[in-house]
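Spelled out from the first residue to the last, the chains are:
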Amino acid sequence: MEWMKANDVAFSYDEEALLQHVSVSIQAGEVIGIIGKNGAGKSTLLSLLTGALQPTAGQIQWFQKQSVTEVAQEVAHVETTVYTSMHRKWHVPDIAYSAMSGGQQLKYRLVNGFLTQASLLLLDEPTNHLDEVSLKRLVKEIRLYNKGSVIIVSHDRYFLDEVATKIWALEDGTVYEQIGNYSHYEQVRRKRRETQQRAYHKQQQKKQRIEQEIAQLTGWSNSAHRDSTKQEGAKEYYRLSAKRMDAQIKSKRRRLEKELATSEVTAVVPEHRVHFELRHTEQGGKRLFTWQDVSKKYNDKTILTNITGHILHGQRIALTGMNGAGKSTFLRLLLQQEEPTSGEVWRSPSVTVGYLSQQVFDLDDTQTPAQLFQQQTFEARGMVQTFMHQLGFHAVQWQSPISKMSMGERVKLKLMHYIVAGTDCLVLDEPTNHLDLPSREQFEETLNQYRGTIIVVSHDRYFREKVTTEAWEIRQRTIHYPTAAPQETSQARQLALETELQYILGKLSVISRNDVQYDVLDQKFQEITQQLKQLRAK
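An account of the accompanying structure is given in this report. These figures come from a predicted structure and were not determined experimentally.

Okay, the sheet that holds strand β10 (residues 287-298) next. Across the sheet, which stays open at both edges, the three strands sit in the order β11-β10-β13 with antiparallel pairing between neighbours. This sheet does not close on itself; its edge strands, each paired only once, are β11 (301-312) and β13 (342-347). Each strand of the sheet is rotated relative to its neighbour by a mean of 15°, with strand direction disregarded. Two strands pair when backbone bridges link them, and β10 and β11 are joined in this way by eight bridges, in the antiparallel orientation.

Moving on, we come to the sheet that holds strand β5 (residues 68-71). Pairing is mixed in the open sheet, where six strands are placed in the order β5-β6-β7-β3-β8-β9. Strands with a single pairing partner mark the edges of an open sheet, and in this sheet they are β5 and β9 (174-179). The average undirected angle you get between the axes of adjacent strands in this sheet is 15°. Here β5 runs beside strand β6 (residues 120-124); their pairing, made up of four bridges, is parallel. What sits directly across from Glu70, in β6, is Leu122.

Take the packing of aromatic side chains next. Counted under the stated rule, the structure contains seven aromatic pairs. Ring geometry for Trp472 and Tyr481: centres 4.7 Å apart, planes at 75°, overall edge-to-face. With respect to class, Trp472 is no different from Tyr481; both count as buried. Joined through ring pairs, the aromatic side chains of Trp291, Phe330, Trp472 and Tyr481 make up one cluster. One residue, Arg192, lies across the ring of Tyr176, its end atom 4.0 Å from the ring centre.

Burial within strand β12 (residues 316-320) is extensive, with five of its five residues counted as buried. Where burial is concerned, the two faces of β12 agree: the one with Arg316, Ala318 and Thr320 and the one with Ile317 and Leu319 are both buried. The pairing of β12 with strand β16 (residues 453-457) spans four bridges and is classified as parallel. Of the residues in β16, the one forming a bridge with Ala318 is Val456.

Turning next to the side chain of Glu171. Here Glu171 shows up in strand β8 (residues 166-171). Taking relative accessible area as the criterion, Glu171 reaches 13% and is therefore assigned buried. If sequence neighbours within four positions are ignored, Glu171 has contacts with Tyr176, Tyr185, Arg189, Arg192 and Arg193.

Positionally, Ile151 belongs in strand β7 (residues 149-153). The buried category is assigned to Ile151, whose relative accessible area is 0%. For Ile151 and Ile32, which are 119 residues apart along the polypeptide, the C-alpha to C-alpha distance reads 4.7 Å. In contact with Ile151, not counting residues within four places along its chain, are Ile26, Ile32, Ile34, Leu46, Leu49, Leu120, Leu121, Leu122, Leu123 and Trp168.

Right, let's get into the environment of Lys404. For Lys404, the location among the structural elements is in the loop between α10 (378-390) and α11 (407-421). The exposure class of Lys404 is partly exposed, given its relative accessible area of 41%. The spacing of Lys404 and Gly39 is 365 residues in sequence and 9.7 Å in space, taken between C-alpha atoms.

As a further point, take the nonpolar core. Core analysis: the largest hydrophobic core is formed by 41 residues, its most contacted members being Trp291 and Phe330. Ignoring anything within four residues of it in the chain, the contact list for Phe330 reads Trp291, Leu304, Ile307, Leu319, Ile474 and Ile479. Of all hydrophobic cores here, the second largest spans 32 residues; its members include Val92, Val163, Ile167 and Tyr185.

Buried residues dominate helix α8 (residues 327-334), accounting for seven of its eight residues. Along α8, the positions that sit buried rather than exposed are Lys327, Ser328, Thr329, Phe330, Leu331, Leu333 and Leu334. Gln336 lies just past α8 and shows a positive phi near 60°.

Contact pair helix α3 (residues 102-115) / helix α4 (residues 132-144): the axes reach a minimum separation of 12 Å and the direction vectors enclose 10°. Between α3 and α4, the crossing angle belongs to the class labelled roughly parallel. Read as a crossing pair, α3 and α4 show a hand that is left-handed. From α3, Lys107, Leu110 and Phe114 reach across to α4, where they touch Ser134, Leu138, Glu141 and Ile142. Partitioning the contact of α3 with α4 into residue classes produces four nonpolar, one polar and two charged.

Right, let's talk about the pattern of salt bridges for a bit. In total, this model carries nine salt bridges according to the counting rule given. A salt bridge links Arg332 to Glu338; its shortest N-O distance comes to 2.7 Å. The exposure class assigned to Arg332 is partly exposed, which follows from its relative accessible area of 23%. When salt bridges that share partners are traced, they join Glu30, Lys166 and Glu177 into one network.

Reading the values: rules and limits
Residues numbered from 1 in each chain as written. Predicted model: local features only at pLDDT ≥ 70, side-chain atom pairs only at ≥ 80, totals over all residues. Heavy atoms only, no water. Pairing = 2+ DSSP bridges. Helix = DSSP H or I, 4+ residues; strand = E, 2+ residues; numbered from the N terminus. Axes fitted to C-alpha atoms, helices over the stretch in contact; angles between N-to-C directions. Phe/Tyr/Trp six-rings, centres within 6.5 Å; stacked < 30°, edge-to-face > 60°. Buried < 20%, exposed > 50% of the residue type's maximum accessible area, 1.4 Å probe, protein only. Lys NZ or Arg CZ within 6 Å of the ring centre and 35° of its normal. Contact = heavy atoms within 4.5 Å. Core = buried A, V, L, I, M, F, W, Y, C linked by side-chain atoms within 4.5 Å. Parallel < 35°, antiparallel > 145°, perpendicular 65-115°, else oblique. Left-handed = near helix turned anticlockwise from the far one by under 90°. Nonpolar A, V, L, I, M, F, W, Y, C, P; charged D, E, K, R; others polar. Salt bridge = Lys/Arg side-chain N within 4 Å of Asp/Glu carboxyl O.

Just distances and angles here, no functional claims.
Written out as structure tokens, the structure is:
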């Protein structure tokens, strides 16, 4: 049964055409996957379906009244929370929304969406933040959903292969509709592009041949016209010959123009490419972070208990664990954005860290990129604008407020900060959330060339395997390392003490003997010097 039909729909924003000539339909019980690059108009299409936006041309026709529920990509605040057995089944904690992790917040919103039993359920990037157990539950829930149709915006190829029965692909400002899952769509798309390219090549050859014939006839016509003015007694013959050639030229040109007007084949648009380039500074010390007997609690809830370890320059670590296990909390402790309840966290004072958090609302959405990346010189501004172009932004977005940008585009703006600044350690909390497929692939390639330290929290297993070399799991309030918990070897201990000694010397060099800290630091200096002597003597 057909529920909805869109006929030649278009939508423009500030005179810029986002969507045009969109003709699609929704059948009862379908699971439709919407795909497309960042900024292509996926969320706009959802808003057109919900009625939040109205098309600027064309018509969307519903054949029967539908109840519509949308689960948004990100929701910063929820006033009041409800808790049901289904929330418990999804392992959503019965706590305030603001106290939940990113994954727990998403699961809370997904459960609320399913509970509405809407006849049209819209899910915008529903796999972001989800651990593997929750992802399997989501797949099962969608397959069992018998209340109506589900429409999903997602960049997760494997997820769409599992659940989608139809694909809407946003390309070149319109929507291609294809029955089947993502892999089937890709096969059809590849064949369509190959057929289009062959037809374009054949048309260009024919066009070139006709143009050559026209050029040859034009040459003969010009010659005949010249001869008609020179040849005595034969002027009429040459004049008539030139007129016949002129008529042939006009006929061939009209035929070419008519053919191009009725069946012109355009060249295949090159695949969307994104370019990242991350620079890292030279790190002096080899030890970047250490933590000793660290515990962390929020009120009465214990997140981490007595963890000890360190991170060295050049390590590429994937931090894994269930939603709410404490991964983001651990990152904030490392970056000293939060204090441990007990224990000590040390961060090298010389390390420059680029931290990409899960949040997409921490940018001032009233600002434009021109304001966000304000540069003093024309050259510097040009460099930033070039980076934006390489990341897939349009030139007009340089002066557009961030509020008008998609979630994926906001993530790219945050990544741009580290592209421009350069760092020797990247801490990435769910970095592929909201990124389109070309951006993910290029980001993976760039990170593989990066020579600094990488600490990644990601539920994207493919991404983790591509860019990291070791996995640490947070489970049961502690960190499980690849082998046993890291023990201090004499070499590692010596390295840590030497790094700390350099830090203390730097402090002592900038304060006077009368400073209250001087005696404490000097005492610490003597203790570390003695410890180093003992280690070197072994």
